[in-house]
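Topology and contacts: notes
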Amino acid sequence: MGTHIKTDDLIFNFFKQICDESDDKKCIALGNSWIEAMEKNLNRMEELLDDKTMSKHKKDIQNNREHLNSLRGKSSSEWRDYATKCMVEIIDNKV
């Protein structure tokens, strides 16, 4: 058995941290760090795509940015609810 960490396990554990955090300010900070990390991923993805591929995925990238923007300003209870839903989705889609 290898030590390879699956991306969905890593994401699940991050969302579990949000759910388990009892300090509301820290919970919100974790949620905001999720937004920042995903924005960095989108920026990097855009940098790596050539023009043809970029035009093919432009709408998906924009939808992801809009989703991230919708997460801004969430309360700790809203972050916990969002994180719980994400964890359930990860579990439901495990193969």
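See the structure printed just above.
What this report covers is the structure whose coordinates are included nearby. Source: prediction; values computed, not measured.

Focus on the overall build of the protein chain
- Looking only at helices and strands, the protein chain features 4 helices and 0 strands.
- For the protein chain, the sequential pattern of α-helices and β-strands runs α-α-α-α.
- Counting only C-alpha atoms, the protein chain reaches 45 × 40 × 20 Å along its principal axes.
- Expressed as a percentage of its 95 residues, the buried residues of the protein chain come to 24%.
- The contacts of the protein chain with a sequence gap of at least 6 include a subset with a gap of at least 24, amounting to 66%.
- Approximately 7100 Å² of the protein chain is accessible, and the part contributed by carbon and sulfur atoms is 52%.
- Each charge class in the protein chain can be summarised by its mean position, and for the 16 positive and 18 negative side chains these summaries are 2 Å apart.

A word on the packing of aromatic side chains
- Counted under the stated rule, the structure contains 5 aromatic pairs.
- Measuring from ring centre to ring centre gives 5.9 Å for Phe15 and Tyr82, while their planes differ by 80°; the resulting arrangement is edge-to-face. One end of the pair, Phe15, is in helix H1 (residues 7–20); the other, Tyr82, is in helix H4 (residues 76–92), and 67 residues separate them in sequence.
- Judged by relative accessible area, Tyr82 falls into the buried class, the value being 16%.
- Pairing Trp79 with Tyr82 gives two aromatic rings, centres 5.7 Å apart and planes at 85°, and the pair type is edge-to-face. One end of the pair, Trp79, and the other, Tyr82, are both in helix H4, 3 residues apart, so they sit about a helical turn from each other.
- Taken together, the aromatic side chains of Phe14, Phe15, Trp34, Trp79 and Tyr82 make up a single cluster linked through ring pairs.

The rules we used
Residues numbered from 1 in each chain as written. Predicted model: local features only at pLDDT ≥ 70, side-chain atom pairs only at ≥ 80, totals over all residues. Heavy atoms only, no water. Helix = DSSP H or I, 4+ residues; strand = E, 2+ residues; numbered from the N terminus. Buried < 20%, exposed > 50% of the residue type's maximum accessible area, 1.4 Å probe, protein only. Contact = heavy atoms within 4.5 Å. Areas by Shrake-Rupley, 256 points an atom, 1.4 Å probe, with all protein chains shown as cover. Lys, Arg positive; Asp, Glu negative; His and termini not counted. Charge placed at Lys NZ, Arg CZ, Asp CG, Glu CD. Phe/Tyr/Trp six-rings, centres within 6.5 Å; stacked < 30°, edge-to-face > 60°.

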